[in-house]
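Chain by chain, the residues:
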Amino acid sequence: MLFTGISLFSGLSFLCGPFHCGPSLCGPSPCSCLFLIACSLSSCQNPSLAVGSSVSSSVVQGSLVHSPGALVRSSGSMVNQYGLEEEEEEEEEEARGGVPTRDLFVTVDHPESHVTAIETFIVYRVLARTTRGDFDSSEYEVHRRYQDFLWLRGKLEEGHPTLIIHPLPEKFVMKGLVERFSEDFIETRRRALQTFLSKTAEHPMLSRSPQLKVFLTEQDLTAIKKQGPSFLSRMGDSVRAAAIAVRGVRARPQEFGAMQDYADEFSCKMSALDKVTQRIIKEQNEYLEELSQYGPLYSQWAELEADLSEPLRGVAGCLDLCGRETEEQLRHLTEVLQPTLHQYLLCADTLKTVLRRRDHIQAEFEAKNDALASSAVSKKGDLETLKEEAAGLEERVESANSALKGDWARWGDAMRYDLREALVSTADKNQDYYEKCLAVWETFLLSQKTPPGQEED
Amino acid sequence: MNRTMADSDSEEAAVLDNTDLTSPESENNMINTMVERETALLKKIDINVAESEKRSGKNTVNMQETYTVYLIEIRPANAAEGGLPVGDSPWRRYSEFELLRTYLLVTYPFVVIPPLPEKRAEFVWHKLSADNLDPDFVERRRLGLENFLIRVASHSVLSKDKIFYQFLTEEKGWREAVLETGFQDKADSRLKSLSATLRVKNPDKSFTDLKQYSDELNSAISHLLRVRAKVADRMYGVYKVHGNYGRIFSEWSAIEKEMGDGLQSAGHHMDTHSASVDDILEEEEHYADQLKEYLFYTDALRSVCRKHELIQYELEMAVLDLASKKQQREELTTGAVRVFSLKGMSSKLFGQESPEQRESRLAALQQSIQASEDAVLDKNQECREFMRMSWEEVKRFKEQKDRELREALISYAIMQISMCKKGIQVWSNAKECFNKM
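Now for a quick tour of the structure. (Residues numbered from 1 in each chain as written. Chains lettered and ligands numbered in written order. Predicted model: local features only at pLDDT ≥ 70, side-chain atom pairs only at ≥ 80, totals over all residues. Heavy atoms only, no water.)

Looking now at the overall build of chain B. When helices and strands are counted, chain B shows 13 helices and three strands. Expressed as a percentage of the 437 residues in chain B, the buried residues total 47%. For chain B, the proportion of contacts with a sequence separation of at least 24, taken over those separated by at least 6, is 76%. Summed over all atoms, the accessible surface of chain B reaches about 22300 Å², with 51% contributed by carbon and sulfur. (Helix = DSSP H or I, 4+ residues; strand = E, 2+ residues; numbered from the N terminus. Buried < 20%, exposed > 50% of the residue type's maximum accessible area, 1.4 Å probe, protein only. Contact = heavy atoms within 4.5 Å. Areas by Shrake-Rupley, 256 points an atom, 1.4 Å probe, with all protein chains shown as cover.)

In this section: helix H4 (residues 94-107) of chain B. Between its first and last C-alpha, H4 of chain B extends 20 Å over 14 residues, near the 20 Å set by a 1.5 Å rise per residue. Here H4 of chain B has its buried residues at Tyr94, Glu96, Phe97, Leu99, Leu100, Arg101, Tyr103 and Leu104 of chain B. (Expected span 1.5 Å × (residues − 1).)

A few words now on the interface of chain B and chain A. Each partner contributes to the interface: chain B provides 62 residues, whereas chain A provides 58 residues. Carbon and sulfur atoms make up 72% of the surface buried where chain B meets chain A, a total of about 5900 Å² over both sides. Here arginine 416 of chain A makes a salt bridge to glutamate 258 of chain B, at a shortest N to O gap of 3.5 Å. Our count for the chain B to chain A interface comes out at 13 residue pairs in polar contact (both at pLDDT 80 or more). (Buried area = accessible area lost by both parts, 1.4 Å probe. Salt bridge = Lys/Arg side-chain N within 4 Å of Asp/Glu carboxyl O. Polar contact = N/O pair within 3.5 Å; in protein donor to acceptor, adjacent residues only side chain to side chain.)

On to the side chain of arginine 140 of chain B. All names here are of chain B. Along the chain, arginine 140 turns up in helix H5 (residues 135-153). The exposure class of arginine 140 is buried, given its relative accessible area of 15%. Within the structure, arginine 140 has its side chain in polar contact with the side chain of aspartate 289 (distance 2.9 Å).

All names here are of chain A. By the definition in use, this model includes zero disulfides over all chains. You can see cysteine 437 has no disulfide; the closest cysteine sulfur is in cysteine 322, sitting 3.6 Å from it. Classification of cysteine 437 as buried rests on a relative accessible area of 4%. (Disulfide = S-S within 2.5 Å.)

The next point concerns the environment of alanine 220 of chain B. Its place among the elements puts alanine 220 of chain B in helix H10 (residues 205-253). In this view, alanine 220 of chain B contacts Trp301 and Leu304 of chain A; residues no more than four positions away in its chain are not counted.

Residue and element names in this part refer to chain B. The strand order across the open sheet built from three strands is S1-S2-S3, with neighbouring strands paired in antiparallel fashion. Across the chains shown, the open sheet's two edge strands, defined by having one partner strand only, are strand S1 (45-58) and strand S3 (91-93). Pairwise comparison of adjacent strand axes, ignoring direction, gives a mean angle of 35 degrees for this sheet. By the bridge criterion, 13 bridges tie S1 to strand S2 (residues 64-76) in an arrangement that is antiparallel. From the neighbouring strand, serine 56 faces S2, where its bridge partner is threonine 66. (Pairing = 2+ DSSP bridges. Axes fitted to C-alpha atoms, helices over the stretch in contact; angles between N-to-C directions.)

Our focus in this paragraph is the packing of aromatic side chains. A complete count under the given rule lists 25 aromatic pairs over all chains for this structure. A ring pair is formed by phenylalanine 149 of chain A and phenylalanine 196 of chain A, whose centres lie 6.4 Å apart and whose planes are at 65 degrees; its orientation type is edge-to-face. Note that phenylalanine 149 of chain A is positioned in helix H7 (residues 146-159) and phenylalanine 196 of chain A in helix H8 (residues 183-202), a separation of 47 residues in sequence. When sorted by exposure, phenylalanine 149 of chain A lands in the same class as phenylalanine 196 of chain A, which is buried. Between tyrosine 245 of chain B and phenylalanine 249 of chain B, the aromatic rings sit 5.5 Å apart at their centres with planes inclined by 0 degrees, giving stacked as the arrangement. Residue tyrosine 245 of chain B and its partner phenylalanine 249 of chain B are located together in helix H10, separated by four residues, close to a single helical turn. The class of tyrosine 245 of chain B is buried, set by a relative accessible area of 6%. Through pairs of rings, three or more aromatic residues link up here, namely Tyr262, Phe266, Tyr344, Trp408 and Trp411 of chain A together with Tyr245, Phe249, Trp252 and Phe434 of chain B. Sitting over the face of the ring of phenylalanine 215 of chain A, arginine 144 of chain A holds its NZ or CZ atom 5.2 Å from the ring centroid. The ring of tryptophan 91 of chain B is capped by arginine 55 of chain B, whose NZ or CZ atom sits 5.2 Å from the centre of that ring. (Phe/Tyr/Trp six-rings, centres within 6.5 Å; stacked < 30°, edge-to-face > 60°. Lys NZ or Arg CZ within 6 Å of the ring centre and 35° of its normal.)

All names here are of chain A. Strand order in the open sheet formed by three strands is S1-S2-S3, with antiparallel pairing between adjacent strands. Only two strands of the sheet have a single partner each, and these edge strands are strand S1 (104-115) and strand S3 (139-145). Across the sheet, the mean angle separating the axes of adjacent strands is 20 degrees when strand polarity is ignored. H8 contacts S1 and strand S2 (120-130) of the sheet and is inclined by roughly 150 degrees relative to S1.

Here it is, written out as structure tokens:
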């Protein structure tokens, strides 16, 4: 397997700390830690390779890049933080003698308020850069609002009902005092939108979707949004879906049953983790508030004192610095861990939805089969039609199953990677927080080693 | 993790070798070392409030009540472990300590009398019980009472008091002895004290400053303790919620093949982290107790200031008294009535009194003036003595306060460092586990 350079933002190397890179392992390029992850992934039996019959070879490479790509994209915010442009990272890659295997890069930024007579909404700038031949240009800039993202995801679901598509951030729900236009809310949403687009862009099949291309390239999406399956056919779909929902699938293969169980459990756990993390953030915020009142009291006391004022001010200073470190740590929780957990909570729902759809497809086939078997058919022509339809549905079931299985494995790898990275970076940040506070207090102790008498005349 | 903490660590160990001790031990060490056996009393004996016990009995209104008593153990100083106790090893309850302290306050008004530990639990954060019978509260009170006794015993004047020695050594009869001193009669009534404070004209500036300082210090420390309790409360919340991570990771690990082990062990570290806050906050209570002691010391300072005001007021009154009597004498001798008086009017109306009458009145007045002059001299003397002695006391107190509070702040820093070290340990362990996921 020819694995050359992987696109990697150099600023993210700090996350690679725990991995031990063996340069001899993976080919000519100088070691990049994500390299190793990708290689180890290739060595573990990735079922998608065996099953994915319709997956092209270039996409195979792409699929194995997913986990590192997931790192890249779920930390997209960090990219913007470090101010690195895709350009730089591509150049860097070329300098390393590699050819980027990711050929489509997207960013979502510059949220701006857009005011019309009827409503006000936020518009985001979406930048796309690509080397793909099927794109006319290598760079695109468009402006999209949240509804446009909703449209895109809907279209992707339509086209690939059993693929696991990354969730979008939720619609605005009046939760406490969070304003729809608050900076925090917009920023959180922006990051989630970016993650959604990145993950979609690196998905072997979804990235080829025509709607994605249109989303990234067309200036005016409204005309295109109006096109789409007719109202009547949509009606037909939902009626059929309802009918089958009543019936239910009969012979669900065991592996999908296992997936269903997993999805349910996983959803539970993610929900719990999400709640706990939110609670920690809330408590930490309240702690910070009290702490900010505590430190100054030492300073105030110092004003009453003579000899004692110096150590008192010292303590006040320490508390102040620790407060700032607490803010930093809190920021990390809010910006890295919380969003990741929340997104995987939403993913859990996607898993369940996808499994349900697969069941529907199978149920449809079973229904057709039953109709065939009942032989309550009069004309011979009708029998033939039924047989054709049944065969078509059987194919549909098979392709849905294989798409789902392949994507399930891919998703699992990405999930483990993303969650592990988020947890590692949180633990790291927390450790860092305590180390910084430790240093603050030790400095104070050192300052107290000199008896005050010696400092006076 | 590879910071140069190790270096500074050993430095700290050299300077403050209490770092690894549990707080009660370190507090006792601090008391016993700081005391340095200055007084004759402490050269002879070691004082320990060794135990506490619950008792039941009928109180003054014949109701059944439960209270705690504390064992006072006196042993010869520097004796081996098996040193025989000196005296009866009496059991005393809090109210008896209060009685002792009140006696000392009245008998030595120029001394900054050490305070007792708080009567009721104040500045509590939610997990801590405010119940006086709670074992943690009793334990902290035991230490506070011991601290009180040692402070009294290390005071050059107070340590010589017989009643104090009796308190330490005599089970029976102490109460009668202290009441027999009649100190309650000598006590200045609150009314007298208050009116002196309001009416005194020329209190010494150092004392007014001292009073202001005590008030401000009292306010500053109260405020600090209150907010500290809130901070402790919040910190408790943050740590405890992490315990939930432990549970969820454990459950989650059951459905994951690759991540199972990593999650499971990470979960254990989260439990450790959550549990660690209990010890951390318990240590901090000792720091809070040290601050509280000085909070209560401000009351003792105010007492001294009030006594000064009282004596000064009495001096001013004596001076006024003398002045008015002298004026009366002048009026009598010169016959000039400067100020309208009934005597003057009646003498105008009904005729002057006889020279004999005047003579005797003058003589009486002269005697009275003599007495007044003596009184003024005495009061002046008393005032000056009091100021001299109490000012020395205040100076000594200030030095002690600066020294001890600085130590307290240092020990607070050490506590924070220990807390940080635990945090570093837990999260670096957790990180390792997460990496194995």
